[in-house]
Amino acid sequence: MILSILIFFTTILSIIFQPKNIQIGTSAIIGALFALIFGVVSLPDILEVTNIVWDATLAFIGIIILSMVLDNIGFFEWAALKMAHYSKGSGVKMFIYSILLGSIVSALFANDGAALILTPILLAKMRVLNLNTKTIVAFLLAGGFISDSASLPFVFSNLTNIVTANYFNIGFIEYFFNMITPFIVSVIVSMLFLYLILRKDIPKRVDISLLKEPKSAIKNIKLFYFSWFFLALLLFAYFVSDSYNLPISIFALGGALIFLIIASLFKSVNAKSIIKDAPWQIVWFSIGLYIVVYGLKNGGLIDELKIVLEYLSTKSSYIAVVSTGFISAILSAFMNNLPTIMIMDIALKDIGSEAMIYANIIGCNLGPKMTPFGSLATLLWLYVLAQKGVKISFWEYSKFGLIITPPVLLIVLLSI
């Protein structure tokens, strides 16, 4: 057990701090190799892990590729400008609309798409508006938080959702109808708490005349209009595919590649560049990290967690749900949400509580916001901001996250 724990935490620290710029996927694979060499996992374990994560990983890659193509044709910049113009110069309306925009993008294009693609666009527009640093940070913190708190309604809205849905064979429609209420509650409650905490830094008026017209952001108007039809068709396909029990990656990655080809024919994107820049390291990251986590299972550590969860399942549904959600949230905040979702899924497998499974997802999606290293999306988000001259300290981020996350998480869990 000690060896599996040591390999796990060494791998996690390497992923978080990336010594000598070792990429996250490489760190995870190195950890997996050590787990195999030292007998923590076996070759059959690796095959089982690959069978568990391949669909989720490829689906996630597809969502990011689709987001990259849409970003290249100006889709997200148009949305950001449209949001700003709808505010009619009201700082409060702009704050609310930016949160709503972030929640929609997160729901449809995953939390990483919202955090990494939308954030630089919003930052650029806020600088054009000559907003002060405190206001910019307030908008960015709100956007970063909603990207995770709104990543609930669809299986593809978060990698944690995909992993869990596949692990427990939860269908697309079943997942949607179980999580649509928590999603709506999460967006409303997040918006309320974000405003209460950040209201002092929100200006009353903003000079939106400094911004260009939304249509000017669109690179190809025909492709832009077609993209709306394509997205609606793709979403419809997800629902229809549920009847045939098809892997979600067929539509997520397949749809993304089809749209990439179409965009290339319109000469609006460079397909080779998009494929090259796609986050392929996520493939090795998911497989490698899950192998390391499987070592914890073989070491018996997850059995201890299972005892706690089995005890909670004998209590009232509210106690079971809230406790499970907060266990997931705390583990996610301090050791990252992807290994947490994997550990908790394994521990919950034989308990048979559907509510606790969904509570685990919610905890793993919202819990990471309590610390900067709770999720890879947050780490990358902070890195992107630092590259653009906006530095949010560890303490500033943690103070904000620790204030807002627990109450929002509690209310969302009670909505299950």
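It should be noted that the structure appears before, not after, this text.
This section reports on the structure supplied with the text. Numbers given to residues run from 1 along each chain, matching the order in which its sequence is written. Residues qualify for local features only when their pLDDT is at least 70, as the model is predicted, and side-chain atom pairs are given and counted only at 80 or more; totals for whole chains, interfaces and linings, by contrast, use all residues. Each side-chain value is worked out from all heavy atoms of the structure, with water and hydrogens disregarded.

## Side note on the overall build of the protein chain
The way it works is that DSSP assigns letters per residue, a run of H or I at least four long becomes a helix, a run of E at least two long becomes a strand, and they are numbered from the N terminus. When its secondary structure is counted, the protein chain shows 18 helices and zero strands. Here the C-alpha atoms of the protein chain give a radius of gyration of 21 Å, agreeing with the 22 Å that 2.2 N^0.38 yields for 416 residues. With the C-alpha coordinates aligned to their principal axes, the bounding extent of the protein chain is approximately 60 × 50 × 45 Å. When each of the 416 residues of the protein chain is scored for burial, the buried share is 57%. Should any heavy atoms of two residues lie within 4.5 Å, those residues are counted as being in contact. Sequence separation of 24 or more characterises 82% of the internal contacts of the protein chain that already satisfy a separation of 6 or more. Method for areas: the Shrake-Rupley scheme with a 1.4 Å probe, in which residue coverage is limited to the protein chains shown. Carbon and sulfur atoms form 67% of the exposed surface of the protein chain, whose accessible area is close to 17700 Å². Within this scheme the basic residues Lys and Arg register as positive and the acidic residues Asp and Glu register as negative, but His and the chain ends are omitted. Lys charges are placed at NZ, Arg charges at CZ, Asp charges at CG and Glu charges at CD. Taking the average place of the 26 positive charges on the side chains of the protein chain and the average place of its 20 negative ones, the gap between the two points comes to 16 Å. For the radius of gyration, the atom set is restricted to C-alpha positions; the globular benchmark scales as 2.2 Å times the number of residues to the power 0.38. Partly exposed residues are those whose accessible area sits between 20% and 50% of the maximum for their type, while under 20% is buried and over 50% is exposed, using a 1.4 Å probe and protein chains only.

## Brief notes about the packing of aromatic side chains
Here a pair means two rings of Phe, Tyr or Trp (six-membered ring of Trp) with centres within 6.5 Å. Their orientation is stacked below 30 degrees between planes, edge-to-face above 60, and tilted elsewhere. Taken as a whole, this structure holds 31 aromatic pairs when the rule is applied. Relative to phenylalanine 109, the ring of phenylalanine 75 lies with its centre 6.4 Å away and its plane at 70°, an arrangement referred to as edge-to-face. Within this pair, whereas phenylalanine 75 is found in helix α4 (residues 75–86), its partner phenylalanine 109 is found in helix α5 (residues 91–128), the two being separated by 34 residues in sequence. Assessed through its relative accessible area of 5%, phenylalanine 109 is described here as buried. Members of the aromatic cluster, each reached through a chain of ring pairs, are Phe154, Phe156, Phe172, Phe176, Phe177, Tyr238, Phe239 and Phe251.

## Digging into the pattern of salt bridges
Take a side-chain nitrogen of Lys or Arg and a carboxyl oxygen of Asp or Glu: if they are within 4 Å of each other, that pair is a salt bridge. Inspection of every chain in the model, using the stated rule, returns four salt bridges. Glutamate 77 is the partner of lysine 125 in a salt bridge, and the nearest nitrogen-oxygen pair spans 2.7 Å. Residue lysine 125 is located in helix α5, and its partner glutamate 77 is located in helix α4; the two are separated by 48 residues in the primary sequence. Across the pair, exposure class does not vary: lysine 125 and glutamate 77 are buried alike. Of the charged contacts in the structure, one is a salt bridge between glutamate 77 and lysine 212, with a shortest N-O distance of 3.1 Å. Of this pair, glutamate 77 sits in helix α4 while lysine 212 sits in the loop between α8 (172–198) and α9 (221–241), and the two are 135 residues apart along the sequence. Residue classification places glutamate 77 among the buried residues on the basis of a relative accessible area of 15%. Since its relative accessible area comes to 39%, lysine 212 is described here as partly exposed. Each of Glu77, Lys125 and Lys212 takes part in one network of salt bridges that share partners.

## What about helix α7 (residues 159–167)?
The element α7 is largely enclosed, with a buried count of eight among its nine residues. Of the surrounding secondary structure, the elements contacted by the buried residues of α7 are α3 (43–72), α8, α10 (248–265), α12 (281–298), α15 (337–348) and α16 (354–366). For this analysis, a polar contact is any N or O atom pair within 3.5 Å, provided that within protein one partner can donate a hydrogen and the other can accept it, and provided that sequence-adjacent residues contribute only side-chain to side-chain pairs. With a side-chain oxygen lying 3.2 Å from the backbone nitrogen of threonine 160, the N-terminal cap of α7 falls on asparagine 158. At the exit of α7 stands asparagine 169, carrying a positive phi of roughly 55°.

## Things to note about unusual backbone geometry
Negative phi characterises most residues that are not glycine, and trans characterises most peptide bonds. Positive phi is not limited to glycine here, since asparagine 21 has a value of about 60°. Tracing the chain through its elements places asparagine 21 in the loop between α1 (2–17) and α2 (24–37). We classify asparagine 21 as exposed; its relative accessible area is 69%. The phi dihedral of asparagine 245 is positive, around 55°, even though this residue is not glycine. Mapping asparagine 245 onto the fold places it in the loop between α9 and α10. Classification of asparagine 245 by relative accessible area gives exposed; the value is 70%.

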